[in-house]
2 protein chains.
Amino acid sequence: MSSVKRSSAQQLRDALEDDIINGRLTPGERLDPEALGREFSVSRTPVREAIQQLVASGLVTVSPKKGTFVARIGIDQLIEMFEVMAELEGMCGRLAARRISEEELAALREALARCEAAAEAGDTDEYYYENETFHDCIYTASHNGFLAQEARQLKQRLKPYRRLQLQVRQRMGGSLAEHRKIVAAIEQGEAELAEQSLREHVLIQGERFSDFIASVKKLDASATRLDPSHDRTRA
Amino acid sequence: MSSVKRSSAQQLRDALEDDIINGRLTPGERLDPEALGREFSVSRTPVREAIQQLVASGLVTVSPKKGTFVARIGIDQLIEMFEVMAELEGMCGRLAARRISEEELAALREALARCEAAAEAGDTDEYYYENETFHDCIYTASHNGFLAQEARQLKQRLKPYRRLQLQVRQRMGGSLAEHRKIVAAIEQGEAELAEQSLREHVLIQGERFSDFIASVKKLDASATRLDPSHDRTRA
DNA sequence: AGGCGAGCTGATGTATACATCAATAGACCT
DNA sequence: AGGTCTATTGATGTATACATCAGCTCGCCT
């Protein structure tokens, strides 16, 4: 399997990445290398390495002589990133409509079914998860591994902020309808339609920015002063 | 200005990046941290840091216990990356057609003029350089800084391989005609046309892959055995 | 009392020494 | 002679100590 023995730096990187993506570490929060070293029983060197990698992937920023913090993405850049995300998703859909295999199509239908089930059950968390699987199926079906990788990476980078979005329950119904339309387009090999549908599917969430921006600003403000309640040094 | 005092690791990173992009270090070539340390009069720590960053940006790969090497991109992935590059360029064009400012349009026309001059003079190197400026103008004019950054980064990553392309002199004329078409589309705000023109402009180079692939394979083969003639440790 | 400056503090950046482990080459056994 | 096991080697990975430097505080001067 994928080698079970990974370097401390890699493990730490994954752990921090997961913490950031899943909101256990919020944007603006400070990361103390020494504290992290104590927590994971390693020296500052691999901690530093892990942080460097997170900086490279855009999840962390480090200000010399001031400290390292979970990256705070400005609203303007956030919009820009959504714009690119929509394009990448659209491209995945366009390619998938042309290249998808039978197995992949089956997996896509399965993912759609799971989304429908979650929506019917009103389980927003479950829907959020299955929604990811759905989109991931399309990435894979694009048969462009590099594109899929880029899409996943950007999505990860946006994740700390996305979780504020779909909370709106009404959005689930609309999202589901769009999913069906997307699947239909891919099934029939209508590349342009699939692209446009997916692009809009992503952008619609961006257009709900009225509510969204408010949430972000609020989160920005609360995280401005380094919230000590999230201190990871405490056991 | 942009702080003149940068860390050794950053300087080294930039130096190596430049070496790789401009072909002084060829794909597959080994990078010896100790030798680099001696050359730049620093310890292995900042060297390692620089290498880590290059790994993150995809220009270098490191195999544990075997060594670190300039990244070798397989032909299949190379094609995938060109596909994405074309999409990003197209997106830049589409956005630029809607958002470009007068100043930016002037700069774009200027860049086109320089391309024309270089082409008329038959100076391929100059054309290569001005061609970059031209495309960079479009990135900027997209008014999406994140998109522009991603496009530049991907272009950098492809650069070590792109230099094998435009060598064909005949391509300059065709390229120039496409440039004019692109500028015209942007001038008139025809977003879709600008997008399609740019996408094809990039992909055409990919379709010339018949010749291209041969060159890459040749380069791949010659770099397979770690060529000692490129050893940087020698003064 | 308010502003300014020197020293302190705490953060990142760097150097060096050690640990670890896979690839390799050598010798031994068959 | 061929294959296998083992010891060496050389590479990355990690630990620790030191250097450096900006921000902050405390105290002095005006």
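Structure: above.
On a predicted model such as this, the values are computed, not experimentally measured, just so you know.

### Focus on the sheet that holds strand β3 (residues 67–70) of chain B
All names here are of chain B.
Inference 1: Across the sheet, 3 strands lie side by side as β1-β3-β2; this open sheet has antiparallel pairing. In the strand order of this sheet, the two ends are held by β1 (30–31) and β2 (60–63), each with one partner.
Inference 2: Relative to β3, β1 runs antiparallel, the two being bridged by 2 bridges. The residue bridging Arg 30 from the neighbouring strand is Phe 69, located in β3.

### So, the protein's contact with DNA strand D
Inference 1: Neighbouring DNA strand D are 17 residues; Ser 8 and Ser 43 of chain A together with Arg 30, Arg 44 and Arg 48 of chain B lie closest to it.
Inference 2: Counting only the atoms of DNA strand D that lie within 4 Å of the protein, the sugar and phosphate share comes to 57%.
Inference 3: In the environment of DNA strand D, a sugar or linking oxygen lies 3.0 Å from a nitrogen or oxygen atom belonging to the side chain of Arg 30 of chain B.
Inference 4: For DNA strand D, a phosphate oxygen lies 2.7 Å from a polar atom in the side chain of Arg 48 of chain B.
Inference 5: For the surface near DNA strand D, the elements supplying multiple residues, two or more each, are α1 (8–21) and α3 (44–56) of chain A together with α3 (44–56) and β3 of chain B.
Inference 6: Across the surface near DNA strand D, the residue classes break down as 4 nonpolar, 7 polar and 6 charged.

### Some remarks on the packing of helix α2 (residues 33–40) of chain B against α3 of chain B
All names here are of chain B.
Inference 1: At a minimum axis separation of 9 Å, α2 and α3 run at an interaxial angle of 115°. By the angle between their directions, the pair α2 and α3 is classed as roughly perpendicular. As α2 packs across α3, the resulting crossing turns out to be right-handed. Across from Pro 33, Glu 34, Leu 36 and Gly 37 in α2, the residues of α3 making contact are Arg 44, Val 47 and Ile 51.

### Points about the protein's contact with DNA strand C
Inference 1: Around DNA strand C, a shell composed of 18 residues is seen, among which Arg 30, Arg 48 and Thr 68 of chain A together with Ser 8 and Ser 43 of chain B lie nearest.
Inference 2: Backbone atoms, meaning sugar and phosphate, make up 58% of the atoms of DNA strand C lying within 4 Å of the protein.
Inference 3: Between a phosphate oxygen of DNA strand C and a main-chain N or O atom of Ser 8 of chain B, the distance comes to 2.6 Å.
Inference 4: One of the backbone nitrogen or oxygen atoms of Ser 43 of chain B is found 2.6 Å away from a phosphate oxygen of DNA strand C.
Inference 5: Listing elements by their share of the surface near DNA strand C, those giving two or more residues are α3 and β3 (67–70) of chain A together with α1 (8–21) and α3 of chain B.
Inference 6: Broken down by class, the residue content of the surface near DNA strand C amounts to 4 nonpolar, 7 polar and 7 charged.

Reading the values: the criteria
- Residues numbered from 1 in each chain as written.
- Chains lettered and ligands numbered in written order.
- Predicted model: local features only at pLDDT ≥ 70, side-chain atom pairs only at ≥ 80, totals over all residues.
- Heavy atoms only, no water.
- Pairing = 2+ DSSP bridges.
- Helix = DSSP H or I, 4+ residues; strand = E, 2+ residues; numbered from the N terminus.
- Near = heavy atom within 4 Å.
- Polar contact = N/O pair within 3.5 Å; in protein donor to acceptor, adjacent residues only side chain to side chain.
- Nonpolar A, V, L, I, M, F, W, Y, C, P; charged D, E, K, R; others polar.
- Axes fitted to C-alpha atoms, helices over the stretch in contact; angles between N-to-C directions.
- Parallel < 35°, antiparallel > 145°, perpendicular 65-115°, else oblique.
- Left-handed = near helix turned anticlockwise from the far one by under 90°.
- Contact = heavy atoms within 4.5 Å.

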